[in-house]
Amino acid sequence: MPLDTQDRGTPLVEMRNMRKSFGGIHAVDDVTINLYPGEVVGVLGHNGAGKSVLMKMLSGAYKRDGGQIFVNGEEAHINSPRDARQYNIETIYQTLALADNLDAASNLFLGRELVTSAGLVNDALMEAETRKIMARLNPNFQRFHTPVAGLSGGQRQSVAISRAVYFNAKILIMDEPTAALGVEETAMVAKLIDELKAQGLGIFLIDHDIHQVKALCDRASVMKNGRLVGTVKVDEVTEDDILGMIILGKQPEKGMA
Ligand SMILES: Nc1ncnc2c1ncn2[C@@H]1O[C@H](COP(=O)(O)OP(=O)(O)OP(=O)(O)O)[C@@H](O)[C@H]1O
Ligand SMILES: [Mg+2]
């Protein structure tokens, strides 16, 4: 039976009754959430609520103790990061996993380098491909020959996101992508997220900033002590409603999704 009462077709991802314990701690306890194409779903909650553990079960970094994952309506067997990749699930980490001493193109193709017919690394082609994808995602980006250590936080994000998109990500998990960024950089990442939505990707966005959640997310799922408080349509609730869910674990009277 579909979990969503509205007829929105098949979700890109559904996680049903997900569970994960560490010792005696129920880090994630019977959580069910979903995500549609072209949608951003915020994953909210206090420190230790279980957000990262839930997302790590989707990305294959943690094995779940219970629950099911569906991708495009079919049960997905995700037990490792490699499995998650096969379902076009990519994670943009809180601390970006980029090689600081390499430029954007080398980072984009790190471990998956393009080669010439003679088997040599094809730097020219990798740069051309990087320019193409950057033109789509971050047209102002010009620093193609700079080691990424010299890039701003937002530019680094755009390199990481380009890498995911180039390798065909359909489902992006972003764990606090703007936590370390200034105002302008945050705005750049917000634009990137809009661009990815327009291209039909689905994004789970872990974010502590309620303003940003209001601005970027279509729906928000709130967790508290490992459990799901509920999922709301962001436009139909106030910031106070969302704070009430996070702090008190209280569902708002209207706006539940
Ligand atoms: N590898 C681990 N081993 C043991 N306990 C863990 C592990 N990872 C997470 N936990 C515990 O699981 C619970 C949920 O952690 P999680 O990292 O999902 O929180 P979070 O909602 O992402 O918080 P934050 O906002 O601080 O990132 C916490 O009690 C945490 O201590
Ligand atoms: Mg976390």
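Relevant structure appears above.
Residues numbered from 1 in each chain as written. Chains lettered and ligands numbered in written order. Predicted model: local features only at pLDDT ≥ 70, side-chain atom pairs only at ≥ 80, totals over all residues. Heavy atoms only, no water.

1. Remarks on unusual backbone geometry
A positive phi angle is found at N72, which is not glycine, with a value near 50 degrees. Within the fold, N72 resides in the loop between β4 (66-71) and β5 (74-75). The residue E176 is not glycine, and still its phi comes out positive at about 50 degrees. You can see E176 is positioned in the loop between β7 (171-175) and α6 (183-198). (Helix = DSSP H or I, 4+ residues; strand = E, 2+ residues; numbered from the N terminus.)

2. Observations concerning the sheet that holds strand β10 (residues 227-233)
On the basis of which strands lie adjacent, the open sheet formed by six strands has the order β6-β7-β8-β3-β9-β10 and mixed pairing. At either end of the open sheet lies a strand with only one pairing partner, and these are β6 (89-92) and β10. On average, adjacent strands in this sheet sit at an angle of 20 degrees to one another, irrespective of strand direction. Strands in contact with helix α1 (residues 51-58) are β3 (40-44), β6, β7, β8 (202-206) and β9 (219-224); relative to β8, the strand with the most contacts, it is inclined by about 150 degrees. α6 rests against β3, β7 and β8 of the sheet, and its axis sits at about 150 degrees to β8. (Pairing = 2+ DSSP bridges. Axes fitted to C-alpha atoms, helices over the stretch in contact; angles between N-to-C directions. Contact = heavy atoms within 4.5 Å.)

3. Some words on the packing of helix α5 (residues 153-166) against α6
Running from N to C, α5 and α6 point in directions that differ by 20 degrees, and their axes come no closer than 8 Å. As the angle between them shows, α5 and α6 are arranged roughly parallel. In this structure, α5 crosses over α6, and the sense of that crossing is right-handed. From α5, G153, G154, Q155, Q157, S158, I161 and V165 reach across to α6, where they touch E185, M188, V189, L192 and L196. (Parallel < 35°, antiparallel > 145°, perpendicular 65-115°, else oblique. Left-handed = near helix turned anticlockwise from the far one by under 90°.)

4. Focus: α1
With respect to burial, α1 is a largely interior element, six of its eight residues being buried. Within the span of α1, buried status applies to K51, V53, L54, M55, M57 and L58. One or two positions beyond α1, positive phi appears at G60, with a value near 80 degrees. (Buried < 20%, exposed > 50% of the residue type's maximum accessible area, 1.4 Å probe, protein only.)

5. Digging into the pattern of salt bridges
Across all of its chains, the model carries 11 salt bridges by this definition. The partner of R19 in a salt bridge is D30, and the shortest N-O contact between them spans 3.9 Å. Residue R19 is found in strand β1 (residues 13-22), and its partner D30 is found in strand β2 (residues 25-35); the two are separated by 11 residues along the sequence. On the basis of relative accessible area, R19 is assigned to the partly exposed category, the value being 38%. Residues R131 and E127 are paired through a salt bridge, measuring 2.9 Å at the closest nitrogen-oxygen approach. Of this pair, R131 and E127 both sit in helix α4 (residues 123-137), four residues apart, roughly one helical turn. Since its relative accessible area comes to 21%, E127 is described here as partly exposed. In the salt-bridge network here, residues are joined through shared partners; they are R19, D29, D30 and R227. (Salt bridge = Lys/Arg side-chain N within 4 Å of Asp/Glu carboxyl O.)

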